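Chain and residue survey
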Amino acid sequence: MAQTFDRPEIQTPENLVYSKTTCLTDNVMHYCPGCGHGTAHRLVAEVIEEMGIQSETIGVAPVGCSVLAYNYFNFDVQQAAHGRAPAVATAIKRLLPEKYVFTYQGDGDLAAIGTAETIHACNRGENIVIVFINNGIYGMTGGQMAPTTLPGMPTSTSPYGRDVETMGNPLKITEIVAMLPGTHFVTRQAVHTPAAVRKTKKSLRMAFENQKLNKGLSFVEILSNCNSGWKLSPVKANKWMVDNMFPFYELGDLKVNGEMINKD
Amino acid sequence: MAKVVGDIIIDIERCKGCEVCNAACPNDVLEMSQEVNGKGYHYVIKVNADCIGCSNCAVVCPDAVITVYRAKV
Amino acid sequence: MKELKLMKGNEAIAEAAIRAGADAYFGYPITPQSEILEYLMMEKPHERTGMVVLQAESEVAAINMVYGGAACGKKVLTSSSSPGISLKQEGISYIAGAELPCVIVNVVRGGPGLGTIQPSQSDYFQSVKGGGHGDYRLLVLAPASVQEMADHVGLGFDLAFKYRNPVLILSDGVIGQMMEKVELAEQTPRLSNEELAEKYPWATLGKRDGEPRHIITSLELESSKQEIHNLKLQAKYKRMNEEEVRYEAIQCDDAEYLMVAFGSSARIAQKVVSMAREKGIKVGLLRPITLYPFPSEIIHKLAGQVKGILSVEMNAGQMIEDVKLAVCGKVKVEHFGRYGGMIPTPTEVFNALEQKIIGG
């Protein structure tokens, strides 16, 4: 029997500092190994547990890799048509203003097919949280070009790299929604390192706290790897994200308490 | 001065062997197993007792596989 | 308190929705039904009953708002006209797949494409055959008066919740725009969230301690499970066919010739019945009130009695297919219609009846 390096004397309830949140189910996630979706799910669930709002929360799942988010979130979830989650969430929040309502959407869902719903929910200042996972690719359908795919980045529908002359430019929708009067908090974070994960969680907490205070729409973009779509190992994909995604999609808050952050 | 010691429990059947935790560990506690779990993944294992309970591994784990304990001795 | 009012059909729908205890209306302007949203905005139902009214950014957003509200067990409706209903079809398919109750009003205009803003019945196929993708059916009500515009809202909600299925009110520009006397129902109170949770255990009103979470979805990746879901839906539609067929038989008892017509066409056809009877020709009218489920049984029965049937529709011949299925070759079935927003006159219909059925 190999040595396990277990220290049973430390593994006691009073020493417990981290365990899986009760706001996630025990279902094994279908995401590829190392995918940022799992981490983002966990952070949303942890914030909901810490705020004690599990019975008060209704999530809206998109179409895309996270279409099955309802299998993992241990609270009420509606699964919306492709791109329509902000419209669905609008109605839920208008009809149940005392509940916490959020959407969880990928880049194709939020920034391509659902652009209208995203912009208008943000512009109306719906009192909801939008969690936006940007990995620059369509994961679920097999790695096609997304609205957020970087210039020159190869995908299955831009096999020679995204040619902005013919395929258009990547859309920085987070910058767009930050300019709308209805958004209260807009930030771009990542989940590739412990420090980044902890910052993302703080942003998510702030977003849900804003909702508690009826502040308007909070928009949390999370840059994530799609190692299968990018055809890299998870660790290399995170490195690629730092080297290629971060220069284009700059991390940090874009708008806090309804005020634009001047980065100059 | 009190020394901080830690330990983790890995739910090896849920581990997908992505190695993200491995990269996040400051004390090189983690490596991938030679064996595979029920899903065929080389899961993460502890290779020394240098854990300080910093939770970095658990925080970056997409599959919530790791439980962390920390104590001052 | 019941109330008698002179109202437009569209206004009657709106007022009836408030009185039915609707929780929300989500819509987008399009002629000839914009009065529904306008009336609701003017009436401030939020102050009367707490009902939410929101002008969405598109018909697509509006129907998905209906999805979100309906999934919370709320009484939610939307309305549009033909091109807008086409846009809503994806959402309607999701609502049918997720088995959510709601009311959708289509005040039909002529098509295809942007078509015309004048009345038509050219959305019959889209309404009764499903409309969007996948095997599903809507329960389709066809009002022929302003009174029925009002009555079908309450009835629509009752049926929608009974079957957990979207209900479509298939109206047209004639009924939507014309004014008639209407008796409005008493106010039905809106239900509290606690009452909803009790009544609709499937609704996403928040996971209660010790109970499983609520999930609303139309997705099933395993085909064997999807088939089970499809079978469940089909069983529901069968039950609708057994329990919900509604029609009005006008002078059918001694009829030698029959017209089948719904909505505003039925009003014209009713005039034709009197014209024919004045000339000693025994003509009857069968007016389907539910277009799905279709009153096939009574039409089949009448087919054994009459010498011919004329399907009168403001389209190029859509309902006639269901009439023919019901008649099953027993007698001749012909179609008469005007298209593109044109409304047939009783004389035109009478002449068609004489030429195609009586003389033919």
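Throughout, a residue's number is its position along its own chain's written sequence, starting from 1. To label them, take the chains in the order written and letter them from A, then take the ligands in the order written and number them from 1. Side-chain atom pairs in this predicted model are given and counted only at pLDDT of 80 or more, local residue features only at pLDDT of at least 70, and totals for whole chains, interfaces and linings cover all residues. Side-chain descriptors were evaluated using all non-hydrogen atoms of the structure, hydrogens and water having been removed beforehand.

Considering the overall build of chain B
For the purposes of this entry, the term helix denotes a DSSP run of H or I that reaches at least four residues, the term strand denotes a run of E that reaches at least two, and both are numbered from the N terminus. Scanning chain B for helices and strands turns up two helices and four strands. This radius of gyration counts C-alpha atoms alone. The globule rule is 2.2 Å times how many residues there are, raised to the power 0.38. The C-alpha radius of gyration computed for chain B amounts to 12 Å, which stays within 12% of the reference 11 Å derived for 73 residues, consistent with globular compactness. C-alpha atoms of chain B, sized along the principal axes, occupy 45 × 20 × 20 Å. Buried residues are those whose accessible area, probed at 1.4 Å on protein chains only, stays under 20% of the maximum for their type, while exposed residues exceed 50% and partly exposed ones sit between those limits. Taken across its 73 residues, chain B has 55% of its residues classed as buried. Charged side chains in chain B number 7 positive and 9 negative. The centres of these two groups are separated by 9 Å. Within this scheme the basic residues Lys and Arg register as positive and the acidic residues Asp and Glu register as negative, but His and the chain ends are omitted. Charged groups are reduced to one reference atom each: NZ for lysine, CZ for arginine, CG for aspartic acid, CD for glutamic acid.

Thoughts on the interface of chain A and chain B
By the convention used here, residues are in contact when the closest approach between their heavy atoms is within 4.5 Å. With 34 residues of chain A at the contact, the number on the chain B side is 35 residues. Here chain A and chain B share an interface that buries about 2,800 Å² over both sides, 60% of which is from carbon and sulfur atoms. Once two parts are joined, some of their accessible surface, as seen by a 1.4 Å probe, is lost; buried area is that loss totalled over both. It is Phe-5, Arg-7 and Tyr-18 of chain A in chain A that bury the most area against chain B; as a group they hold 21% of the surface buried on that side. A side-chain nitrogen of Lys or Arg and a carboxyl oxygen of Asp or Glu constitute a salt bridge if their distance falls within 4 Å. A salt bridge links Lys-46 of chain B to Asp-6 of chain A, with the shortest nitrogen-to-oxygen separation between them at 2.4 Å. The term polar contact refers here to a pair of N or O atoms within 3.5 Å; inside protein, the definition further demands a hydrogen-donor-capable atom paired with an acceptor-capable atom, and it admits residues adjacent in sequence only when both atoms are side-chain atoms. Between chain A and chain B we count 15 residue pairs in polar contact (both at pLDDT 80 or more) in total. Looking at the side of chain A that touches chain B residue by residue, the class counts come to 16 nonpolar, 12 polar and six charged. Two strands pair if DSSP finds at least two bridges between them. Here two bridges tie strand 1 (residues 16–18) of chain A to strand 4 (residues 66–72) of chain B, and the two strands are oriented antiparallel to one another. Across the sheet, residue Tyr-18 of chain A finds its bridge partner in strand 4 of chain B, namely Val-68 of chain B. Under the scheme applied here, ten amino acids are nonpolar (Ala, Val, Leu, Ile, Met, Phe, Trp, Tyr, Cys and Pro), four are charged (Asp, Glu, Lys and Arg), and all others, including Gly, are polar.

Comments concerning helix 13 (residues 319–327) of chain C
Side chains three or four residues apart in an α-helix point the same way, a direct result of the helix having 3.6 residues per turn. Along helix 13 of chain C, the residues that are buried comprise Met-319, Ile-320, Asp-322, Val-323, Ala-326 and Val-327 of chain C. For helix 13 of chain C, the angular spread of buried residues about the axis comes to 160°, placing them on one side. Within this analysis, the arc is defined by the directions that extend from the helix axis to the C-beta atoms.

With respect to the interface of chain C and chain A
Chain C puts 34 residues into the contact, and the matching count from chain A is 37 residues. Overall, the association of chain C and chain A removes approximately 2,700 Å² of surface from exposure, summing both partners, and the carbon and sulfur fraction of that is 60%. Between Arg-84 of chain A and Glu-90 of chain C there is a salt bridge, with its nearest N and O atoms 3.7 Å apart. Listing elements by their share of the side of chain C that touches chain A, those giving two or more residues are strand 2 (24–27), strand 3 (52–55), helix 4 (59–70), helix 5 (82–97) and strand 9 (215–216) of chain C. No other element matches the seven residues that helix 4 of chain C contributes to the side of chain C that touches chain A. Its residues placed into classes, the side of chain C that touches chain A shows 18 nonpolar, 10 polar and six charged.

Topic: the sheet that holds strand 2 of chain C
All names here are of chain C. Here seven strands make up an open sheet; going across it, the order is 3-2-4-5-7-6-13 and the pairing mixed. What marks the edges here is a single partner per strand, and that holds for strand 3 and strand 13 (290–292). Going from strand to strand, the sheet's axes swing by 20° on average, the running direction of each strand aside. Relative to strand 13, strand 6 (residues 139–141) runs antiparallel, the two sharing two bridges. Interaxial angle, 0 to 180 degrees, is taken between N-to-C directions of lines fitted to C-alpha atoms, where a helix line uses only the stretch in contact.

Regarding the sheet that holds strand 1 of chain A
Read across the sheet, three strands follow the order 1(A)-4(B)-1(B) without closing on themselves; strand pairing throughout is antiparallel. The outermost strands of the open sheet, each flanked by one partner alone, are strand 1 of chain A together with strand 1 (4–10) of chain B. Taken pair by pair, the neighbouring strands of this sheet meet at an average axis angle of 30°, ignoring direction. Looking at chain direction, strand 1 of chain B and strand 4 of chain B are connected through seven bridges and run antiparallel. In the sheet register, Asp-7 of chain B faces strand 4 of chain B, and the bridge partner there is Tyr-69 of chain B.

Regarding the side chain of Glu-126 of chain A
All names here are of chain A. If you trace the backbone, Glu-126 turns up in the loop between helix 4 (115–124) and strand 5 (129–134). In this structure Glu-126 comes out as buried when scored by relative accessible area, which is 3%. Within the structure, Glu-126 has its side chain in polar contact with the side chain of Arg-124 (distance 2.6 Å).

Details of the environment of Ala-87 of chain A
With respect to the helices and strands, Ala-87 of chain A occurs in helix 2 (residues 85–95). Leave out the neighbours within four places in its chain, and Ala-87 of chain A touches Glu-117 of chain A together with Ala-61, Asn-64 and Met-65 of chain C.

What about the packing of helix 4 of chain C against helix 5 of chain C?
Residue and element names in this part refer to chain C. Packing of helix 4 against helix 5 leaves a shortest axis separation of 8 Å and a crossing angle of 25°. In terms of orientation, helix 4 lies roughly parallel with respect to helix 5. Read as a crossing pair, helix 4 and helix 5 show a hand that is right-handed. Contacts between helix 4 and helix 5 pair Glu-59, Val-60, Ala-62, Ile-63, Val-66 and Tyr-67 from the former with Gly-84, Leu-87, Lys-88, Gly-91, Ile-92, Tyr-94 and Ile-95 from the latter. Considered class by class, the residues forming the contact of helix 4 with helix 5 number nine nonpolar, two polar and two charged. Orientation labels follow simple angle bins: below 35 degrees gives roughly parallel, above 145 gives roughly antiparallel, 65 to 115 gives roughly perpendicular, and whatever is left gives oblique. Here is the rule for handedness: rotate from the far helix to the near one, and if that takes an anticlockwise turn smaller than a right angle the crossing is left-handed, while a clockwise turn gives right-handed.

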